[in-house]
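A closer look at the structure
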Amino acid sequence: LVRLKRDRVVRTAYQITGDLDDALDVAQGVLLKLWQGLDRFDPRRRFDTWLYRITVNAAIDMIRSRGPKGILQPLPGDPSDLRVAAGAPADAAVDLGRLQQAFLRLAGALAPKQRAAFVLREIEGLETGEVARVMGVTESTVRNHLMQARRVLRSGLERDYPELVPPAGSRGEDENR
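How each quantity is defined
- Residues numbered from 1 in each chain as written.
- Predicted model: local features only at pLDDT ≥ 70, side-chain atom pairs only at ≥ 80, totals over all residues.
- Heavy atoms only, no water.
- Buried < 20%, exposed > 50% of the residue type's maximum accessible area, 1.4 Å probe, protein only.
- Helix = DSSP H or I, 4+ residues; strand = E, 2+ residues; numbered from the N terminus.
- 1 Å grid on protein atoms, 1.4 Å probe; cavity = no way out; pocket = protein on both sides within 12 Å on 5 of 7 lines; lining within 4 Å.
- Points joined across faces, edges and corners; volume = space filled by probe spheres on them.
- Nonpolar A, V, L, I, M, F, W, Y, C, P; charged D, E, K, R; others polar.
- Polar contact = N/O pair within 3.5 Å; in protein donor to acceptor, adjacent residues only side chain to side chain.
- Salt bridge = Lys/Arg side-chain N within 4 Å of Asp/Glu carboxyl O.
- pLDDT = per-residue confidence, 0-100.
- Contact = heavy atoms within 4.5 Å.

This paragraph deals with helix α1 (residues 2–17). Inspection of α1 places Lys5, Val9, Val10, Thr12, Ala13, Tyr14, Gln15, Ile16 and Thr17 among the buried residues, and these make up the whole buried set. Once α1 ends, the next one or two residues include Gly18, with phi positive near 80°.

Structure representation (structure tokens):
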């Protein structure tokens, strides 16, 4: 179980805390909680939802206990780093790399729950309902966190990285997802 889930726990904790050492501490605590509380898991529910919930809560607690780190750094050796479709132009890799760096820098300005909702929905790819279950809030609250996170991130992009902002009308994002 640890081998199967450790990387996901570390990655999720890292994207929320912004610090690899903190993420590793969170992951260790989460995996210990998992082991100790395995008998409380309801097999009628999704295991990953339970795992994300423990991870997100622990990561948010870590942020609150030490305050935000500000600028995040890329996770070393992350296989998702600079992922570009095969056959894409070389400048697509550069743009994606700059966009990832911009996100890492700007994510430090997000409130912990906004960052958690954004990471779970937009980076981990969970559906809004699943994010709500993980975070223990309503779907409406998740959509609100996402809207606020997108607003902060877009404002930061427009201010600091105007060349990365898509033209109006081509955003292709659904604020209510």
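Now for the layout of surface pockets. Put simply, the second largest pocket is a space of about 220 Å³. Lining of the second largest pocket is provided by Arg40, Phe41, Asp42, Arg45, Arg46, Thr49, Trp50, Arg53, Glu130, Arg133 and Val134. Within the residue set of the lining of the second largest pocket, elements represented by two or more residues are α3 (47–66) and α6 (128–135). For the lining of the second largest pocket, a count of residues per class yields three nonpolar, one polar and seven charged.

Mapping Thr17 onto the fold places it in helix α1. Within the structure, the side chain of Thr17 is placed 3.3 Å from the backbone oxygen of Asp19, a separation counted as a polar contact.

This part takes up the pattern of salt bridges. Applying the stated criterion across every chain, the model contains 12 salt bridges. Where Asp48 meets Lys5, a salt bridge forms, and the shortest distance between an N and an O atom there is 2.7 Å. Of this pair, Asp48 sits in helix α3 while Lys5 sits in helix α1; the two residues are 43 residues apart in sequence, bridging distant segments of the chain. Take Lys5: its relative accessible area is 15%, and that puts it in the buried class. Glu139 is the salt-bridge partner of Arg143, the closest N and O atoms lying 3.7 Å from each other. Of this pair, Arg143 and Glu139 are both found in helix α7 (residues 139–160), four residues apart, which corresponds to roughly one turn of the helix. Given a relative accessible area of 28%, Arg143 falls into the partly exposed group. Through salt bridges with shared partners, a single ionic network connects Lys5, Arg8 and Asp48.

Moving on, we get to the confidence of the model for the chain. Averaged over every residue, the pLDDT of the chain is 81; residues scoring 70 or more account for 77%. Note that residues 79–86 has pLDDT below 50 and, in this model, 10 contacts with residues that lie over four places away or in other chains. Across residues 171–177 the pLDDT falls below 50, and counting only partners more than four positions away or on other chains, this stretch makes 13 contacts in the model.

Moving on, we get to the environment of Ile60. Note on placement: Ile60 falls in helix α3. Residues Ile60 and Pro112, spaced 52 residues apart in sequence, show a C-alpha to C-alpha distance of 5.8 Å. Leave out the neighbours within four places in its chain, and Ile60 touches Ile16, Pro112, Lys113 and Ala116.

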